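Structural characterization, general
So you can see what is in the structure, the chains are spelled out below.
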Amino acid sequence: NEYKSYLSMKEIFAIPRQKNSDAPVFIAWQATQGSYLAVGGAFRAVRIYDKSGEVVDEVPLPGNCIGVQWDFEGNTLAIMQDRSSVVFLWDPNTRQTKSLDCGLKDTPSFMCWSPYSLLLAVGFTKGNLVIYDHASRKKQPVLGKHAKKIISGCWNSADVLALGSEDKTISISDRDGEQQRVTNVRQDPENAIFSDMKAADGDMGSTIDNTASFTVGSKTLFLLNLDDPDNPIELAFQGRYGNIVDYRWFGDGYILIGFSNGFIIVVSTHPQEIGQELFQSKTHKDTLSGIEVSEALSCAASIGDNCLKVYDLNDLQDTSAIIMLDNVQSGSMDKINWSTDGMLLSVSTNVGDVFTYLTRLPILGSKYETKAIHLTSLQEISIIDVQHPENIETVELPTEPMFLEIGPHHFAMGMNNRAFIYRLDNKTSPVCEKDYLGSVHKMFLNGQYAAALFDGRVQLHLIDSSQDNELNSRLFPDKDTNVDDKIKTCALTNDFLIFGTEKGNIHYYYLEDYTFVNEYRHTSPITLLFPDIYGTKLIFIDRKCNAYCYNPVNDEVYQLPNLMSKPKGVIWDASVLDRTVFVVYDNDVAMTYIYYRDVVKGNHVANVSQTKIPFGYTPLILHGGDLRCQTPAGKLVVLSLTSHAYFNHLHDLKPEEIYSQMSQLSEAFKNACRLMRFQEAWKLAELLNNKENWLILGKTLVNHLEVDLAIKVYRRIGDAALVTSLESVQYLEDRKVLAGEMALLCDQFDLAQQLFLESTRPELALDMRRDLLHWKQALQLATALSPEQLPYVCKASAQQFEFIGDWANALSHYERAITETDEKHDSACKAGIARMAIRVGDIRRGLNIALGMSNKTLWRECAGILEALKQYGDAATLYEKSANFDKAATVYIKAKNWAKVAEILPYITSPKVFIMYAKNREHEKMYKDAMNAYKSAKDYENVIRICLDHLKDPKEAVRIVKETQSVDGARAVAKFFQDLGDFASAIQFLVMSNCNADAFRLAETHNQMEQYADVIGDDATSEDYLAIALHFEQASQNLLAGKFFYKAKDFTRAIHYLIRVPPGDVDASLAIAIECVGVAKKDVLTHQLIDYLMGEVDGIPKPAKHLFHLYMSLEQYREAARTAIIIAKEDQSAGSYRHAHDVLFGMYQELAREKITVPNEMVQNLMLLHSYILVKIHVKRNNHLNAARLLIRVCKNISKFPAHTVPILTSAVIECYRSGLKKSAFENASVLMRPEHRGNIDPKWKNKIEQMVRRPVKTEHEEVSTPCPFCKSEIVEMDLECIECKNNLPFCIVTGKHMVNNDWSECPNCKFPALYSEFKEYLLEGDADCPICGKPVKPADVHLITESELQQRDSERSEPSK
């Protein structure tokens, strides 16, 4: 129970009973603010006390006080007295009292303020009612509301009034007193309270507080649900409890009830629990006289037996505080009242004594940008900068403050009407002491000014009191401000004083010019203001608890969505990254919002997430998603908003944790998109690796006009169309045009039109509607924006009407589109008129227009329309006139006009026409003509049939089958050859006709299996291959048997035969066997093949290349790597350096692709071979020094180049001497002079080399040193091992030097590293291929990689190797 740690229950003052008055008193703490305690009784006055127990005012009364109540804001105290119908209203801001004369000759018996508006209901002893609207100063009398005295009542949030009367009825009325319902009860209905009761389905009713509750006869609890008024609920309780003294709603539909015999119980109004006692305890021995609940503390209190007890509402069995009132001389405790914030608890007795206790430490705190100040004990504060949270300053105060404020250079504290302002860098003495004209509600500071809010006014003055004068000190409102209403709230930024008023106005006062620069009028009183650091965005909350975001630049106002019912405050994020993020909080949750500007949908506010606030925590400052809250114990703790919680852990996320945290990553990704944290969103999208997330990110970027990053997103997912579209608008300067284009991409056409019309290019709206075929809007836009475009829009609209079949509208628009000036345009319109005239039945007009134009396309179109109308004569004539002979012939055939068809036959190309004509010729037994017609129609089955059946020409039939691959034709030809006994040809055509079974039987019968196997190819089934394999198995043709067993997927038998082939078939069989083992993935077959390759089967070891191919096929890359090294060594020994280099490079790439550690031996061999290959490149570039250094490296390993030892040493001597490395030239020349090499030296260089040895010159250029990429130690640039950290260093593929971090790049193809400057120079000199992989590289594709990117890559590649 957290509240135990801060529940102090310290008595701070006591008010003794009044002289000559031993009667009970009425007590009420000021609502919301809790600054004043009102005490009234039988002493004809109401006294107002402050938190110290000092009397601040007294309201004299003509009679005894019979009730006091504050309005929901605490700005008006209503007082009832027993001598007249006058109700007194005391204002704590002005400390003035006004009389509300209800105008009735009656005594008030009840009054109640609305909890959400300034409505006061006053009931009278004769059943009359007066409703007073304090905002408009209007009163509404309702006579005869009840027949007898009104004894109780309450309002709900919808300003519905429930009243209870001694006439044993409950009435429900609206804010004007109009009666809506009357319900009868058995006894007097008292203690009216509105709250919420859930419906059966778990949802709330039409309003939040939908249930009116009453005690009936002090015995039962009556629940009247306004959403189901015909079915009220009445709860009765055990007689041993006694009478109901009082009750309170709390939590989620629970009721705490206190009984006269000392019992308290809890009942639930949930449908499944209604009527059940969830808790019951006898907390007082004899009597209980009152209960109270503090929502702020989540505590309850009860009084009885001269004892005060406090309980935790979450565990009512746990009593956290007990106070005995031993100093009460007589009488007993009567009433209990808790301040709204739960800080002060007052108890009165039945003889008029009042005792007040401090129940918790005041929650005082303030923030400015990244600084925060908060109260840690009654006279101690702490100051923190959230950018340096480890540095916390503690300051002792001379007195207990009632308010705290911090600015950029000062902080202020004080109480009542006095404030002290200190510098943050000198907290020993105040720089300013100020007495204000009223008790300060809140203060505000900036660099120069202080502002104090008190009694509905704001005083603005300089902090430096030496400069304070009438010019720079001002009181608002005053006679010069044109502000004539009460100020409810204010705020101070560096440039503006902003305040909101009772009438709903927001004023901006510019500090530099001492003038008002902006005013906004709202429909409801303003209660709270929260500007951002610059004052250009403002969140304000009105009396209805609605919150809005206001932009003073353009007076735009956006209501905050999904808001809680009673927001307490707003905090803007102080970090630079999240300047547009803010939270709105109440006691339970903090809602994260973001203000969007320059987005496609227009500026607006969106809800991002919701974060639960632990009980008792009060948010103070927000920075980068970390919400620092004050605890009741005076500490400052950090809560991470759910919207930001995951961002700080991204860099700690390990690859193996990604899968288990997919849901959290997905939610974090959505929050990153909502918060415009696009870099984090990109990283999360990469981790999630889901196209849907990339699409969400792309759509979000488009909405926020982040075109450059959106292009990268859509390019990554391969959406070329969107990339092209975005690139076309990438550099638009007009943001409205750009937003319109983005809205168009998102299919928000109306929004796009609005944006285009607001831009500098409104004609784009017309272009868009034309492109979308939205002709109604296009015609309207053309009329308004560009009348000269109207004919062209009409034409396009007519074309659309024609397309959808609205012929009449199409004809009308074509006629409207005629310009008489644009010949080409008018010609198209006349063609449309011709078509539409025929469509609507005006055939003669249409034909006349069409024939009057030399337009073959129009003739064909009109002919098609006429054909559909069965006007074959006119249609055929137009087809023939337009040279569309195929269609003309088709229409003639419909008319059975064969003579006309024959006449135009040479011009026909349609197969359909030829087939119809061929059938007619075949019917007439003119087979040659029929065959030619079928051939023209490409109906080859019928051509083959006529060749075989009628013309007896098999040669032509075979030619056609082979040429056309006709299945049916092949079947016919196969039968023909089978009848002739040509089985090989028959098999070929049977396979072609997909008759494999017949072909197999024929091949098997006539010993034509090899022919069948060749013909069947790779398109047969496993059963076909198995049958062939079994045939070759019986024929002892092992290679073919193994091959077809493999195709049949019988891998065991395939290997069995493939390793038992004659010597001449070994290479062919091994290729098949390796492929077979790679597919089979069976260890038995693998070992069997390896044994064969090693020679254990036939005693003949096979070449290593076969073993290498086997390992690659099996994806056994380590073994393949070792084999590759062996092969490379063989090639290297034989002098095939390029082939050895390619083998090692290919294997290196394969291992890297599979994330397998590359053996060091392979790396070293590849480095040596590449160094040797680079020599020619650098010699060609005249970079002899680099060539010499590379040759020196090769010569140190000359034993690995046995085939060219002497030429390599000779080249090294020459290049070293030429580049000035004479010592190295001498050393290599000395090696050449050894007996085993001397005879092989080229005579051309022999004498020069001998001279070098005889007259040695041992001068040498000092080698350049560069930093190690790992430990930063300086090492020689050609060394590839660091002597300090012992790491093998990556080498540059252009120079062979070791890499350095500040000059790092890589080949975009093979990803091997290269020194950026050298690689760029190499490519710009005309070499377009990578030196190591040989693939083309463009200079523009090579980029400098920063050290931070290298570190990020190292972290991304930190996954353990296989």
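Keep in mind it's a predicted model, so treat the numbers as computed, not measured. (Residues numbered from 1 in each chain as written. Predicted model: local features only at pLDDT ≥ 70, side-chain atom pairs only at ≥ 80, totals over all residues. Heavy atoms only, no water.)

**Here we look at the overall build of the chain**
For the chain, the helix and strand inventory stands at 41 helices and 63 strands. Per-residue burial over the chain gives 52% buried out of 1362 residues. If you take every contact in the chain between residues at least 6 apart in sequence, the share linking residues at least 24 apart comes to 42%. Just so you have it, the chain exposes about 62,500 Å², and 48% of that area is on carbon and sulfur atoms. (Helix = DSSP H or I, 4+ residues; strand = E, 2+ residues; numbered from the N terminus. Buried < 20%, exposed > 50% of the residue type's maximum accessible area, 1.4 Å probe, protein only. Contact = heavy atoms within 4.5 Å. Areas by Shrake-Rupley, 256 points an atom, 1.4 Å probe, with all protein chains shown as cover.)

**What to know about the sheet that holds strand β52 (residues 556-559)**
Spatial strand order, β49-β50-β51-β52: 4 strands in an open sheet with antiparallel pairing. The sheet is open, and its two borders are formed by β49 (526-531) and β52, each paired with just one other strand. Across the sheet, the mean angle from the axis of one strand to that of its neighbour is 25 degrees, orientation sign disregarded. (Pairing = 2+ DSSP bridges. Axes fitted to C-alpha atoms, helices over the stretch in contact; angles between N-to-C directions.)

**Things to note about unusual backbone geometry**
In most cases, non-glycine residues show a negative phi, while peptide bonds are predominantly trans. The residue after Phe476, namely Pro477, is reached through a cis peptide bond having omega -10 degrees. Inspection of the secondary structure puts Pro477 in the loop between β44 (474-476) and β45 (487-492). Positive phi is not limited to glycine here, since Leu705 has a value of about 60 degrees. Judged by relative accessible area, Leu705 falls into the buried class, the value being 7%.

**What to know about the packing of helix α36 (residues 1205-1218) against helix α39 (residues 1243-1254)**
Running from amino to carboxyl end, α36 crosses α39 at an angle of 65 degrees, the nearest separation of the two axes being 11 Å. In this structure, the crossing between α36 and α39 has a hand that is left-handed. Every residue of α39 that contacts α36 at Thr1210, Val1213, Ile1214 and Tyr1217 is listed here: Trp1245, Ile1249 and Met1252. Per-class residue counts for the contact of α36 with α39 are 6 nonpolar, 1 polar and no charged. (Left-handed = near helix turned anticlockwise from the far one by under 90°. Nonpolar A, V, L, I, M, F, W, Y, C, P; charged D, E, K, R; others polar.)

**A closer look at the nonpolar core**
If you look at the biggest cluster of nonpolar residues, it comprises 69 residues, and the most contacted ones within it are Leu665, Phe669, Leu684, Leu697, Leu726 and Met742. Other than its neighbours up to four places away in sequence, Leu684 contacts Phe647, Leu650, Leu665, Ala668, Phe669 and Ala672. Leu1151, Ile1241, Cys1310 and Ile1332 belong to the second-largest nonpolar core, a separate cluster that totals 65 residues. (Core = buried A, V, L, I, M, F, W, Y, C linked by side-chain atoms within 4.5 Å.)

**Examining the environment of Leu811**
Among the structural elements, Leu811 can be located in helix α11 (residues 807-816). The spatial distance from the C-alpha of Leu811 to the C-alpha of Ile833 is 5.7 Å, given a sequence separation of 22 residues. The contact partners of Leu811, leaving out residues within four places of it in the chain, are Ile833, Met836, Ala837, Val840 and Arg845.

**What about the pattern of salt bridges?**
With the rule as written, the count across this model stands at 45 salt bridges. Residues Asp334 and Lys335 are paired through a salt bridge, measuring 2.6 Å at the closest nitrogen-oxygen approach. Among the salt bridges present, the one from Arg1218 reaches Glu1215, with a minimum N-O distance of 3.5 Å. Of this pair, Arg1218 and Glu1215 both sit in helix α36, 3 residues apart, roughly one helical turn. (Salt bridge = Lys/Arg side-chain N within 4 Å of Asp/Glu carboxyl O.)

**Observations regarding the pairing of strand β10 (residues 108-113)**
For β10, the buried fraction is high: 6 of the 6 residues fall into the buried class. As judged from the 5 bridges shared by β10 and strand β11 (residues 119-124), these two strands associate in the antiparallel manner. Across the sheet, Phe110 pairs through a bridge with Gly123, a residue of β11. Connecting the antiparallel pair β10 and β11 is a turn made up of 5 residues.

**Details of the packing of helix α18 (residues 911-923) against helix α19 (residues 927-936)**
The interhelical angle for the contact between α18 and α19, taken along N-to-C directions, is 165 degrees, at an axis separation of 8 Å. Between α18 and α19, the angle is such that the two are roughly antiparallel. The handedness of the crossing between α18 and α19 comes out as left-handed. Touching Phe914, Tyr917, Ala918, Lys919, Arg921 and Glu922 of α18 are Tyr927, Asp929, Ala930, Ala933, Tyr934 and Ser936, all from α19. Tallied by class, residues from the contact of α18 with α19 come to 7 nonpolar, 1 polar and 4 charged. (Parallel < 35°, antiparallel > 145°, perpendicular 65-115°, else oblique.)

**Points about the sheet that holds strand β24 (residues 263-268)**
The sheet built from 4 strands is open, its strands ordered β22-β23-β24-β25 with antiparallel pairing. The open sheet terminates on both sides in strands that have one partner only, identified here as β22 (244-250) and β25 (277-282). Sheet twist, expressed as the average angle between the axes of neighbouring strands with direction ignored, equals 15 degrees. Pairing of β24 with β25, which is carried by 5 bridges, proceeds in the antiparallel orientation.

**With respect to the side chain of Asp91**
Here Asp91 shows up in strand β8 (residues 86-91). Note on Asp91: relative accessible area 16%, which makes it buried. Among the polar contacts listed, one links the side chain of Asp91 to the backbone nitrogen of Asn93, at a separation of 2.8 Å. Look past the residues within four positions of Asp91 in its chain and what remains in contact with it is Asn75, Gln96 and Lys486. (Polar contact = N/O pair within 3.5 Å; in protein donor to acceptor, adjacent residues only side chain to side chain.)

**Observations regarding the packing of aromatic side chains**
Taken as a whole, this structure holds 29 aromatic pairs when the rule is applied. Here Trp572 and Phe582 contribute two aromatic rings whose centre-to-centre distance is 4.8 Å and whose plane-to-plane angle is 50 degrees, an arrangement assigned as tilted. Linking Trp572 in strand β53 (residues 569-572) with Phe582 in strand β54 (residues 581-585), this pair joins segments that are 10 residues apart in sequence. The residues Trp572 and Phe582 share a single accessibility class, namely buried. One aromatic cluster is present, built from ring pairs that chain together Phe496, Tyr508, Tyr510, Tyr520, Phe540, Tyr548 and Tyr550. For Arg839, the ring lying beneath its charged end belongs to Trp807, and the centroid distance is 4.4 Å. Sitting over the ring of Trp859, Lys881 keeps its end group 4.7 Å from the ring centre. (Phe/Tyr/Trp six-rings, centres within 6.5 Å; stacked < 30°, edge-to-face > 60°. Lys NZ or Arg CZ within 6 Å of the ring centre and 35° of its normal.)

**Regarding helix α10 (residues 790-804)**
Look at α10: 21 Å from first C-alpha to last across 15 residues, which is about the 21 Å you get at 1.5 Å a residue. What α10 keeps buried is the set Pro791, Val793, Cys794, Ala796, Ser797, Ala798, Phe801 and Glu802. On its buried face, α10 sits against α8 (763-771), α9 (775-785), α11 and α12 (823-839). Just downstream of α10, Gly805 is the residue with a positive phi angle, here 90 degrees. (Expected span 1.5 Å × (residues − 1).)

**Some words on the environment of Ala710**
Relative to the assigned elements, Ala710 resides in helix α4 (residues 707-716). Exposure remark for Ala710: the relative accessible area of 0% places this residue in the buried category. The spatial distance from the C-alpha of Ala710 to the C-alpha of Glu727 is 9.8 Å, given a sequence separation of 17 residues. When sequence neighbours within four positions are dropped, the list of residues in contact with Ala710 reads Gly698, Leu701, Val702 and Leu726.

**A short note on the environment of Lys335**
Mapped onto the elements, Lys335 comes out in strand β30 (residues 333-338). The spatial distance from the C-alpha of Lys335 to the C-alpha of Pro24 is 8.6 Å, given a sequence separation of 311 residues. Other than its neighbours up to four places away in sequence, Lys335 contacts Pro24, Val25, Phe26, Ile27, Ile303, Ser346, Val347 and Ser348. A polar side-chain atom of Lys335 sits 3.4 Å from the main-chain carbonyl oxygen of Val25.

**Topic: the side chain of Thr211**
As for its position among the elements, Thr211 is in strand β19 (residues 211-216). Judged by its relative accessible area of 0%, Thr211 falls in the buried class. Apart from residues lying up to four places away in sequence, Thr211 is in contact with Ile193, Phe194, Ser195, Asp196, Met197, Leu223, Leu224, Asn225 and Trp249.

**Some remarks on α11**
Taken together, the buried positions of α11 are occupied by Ala810, Leu811, His813 and Tyr814. Residues of α11 that are buried sit in contact with α9, α10, α12 and α13 (843-851).

**Focus on the confidence of the model for the chain**
In this model, the chain carries a mean pLDDT of 84, and residues with pLDDT of at least 70 account for 88%. Across residues 1-6, where pLDDT falls below 50, the model places 21 contacts with residues more than four positions away in sequence or in other chains. (pLDDT = per-residue confidence, 0-100.)

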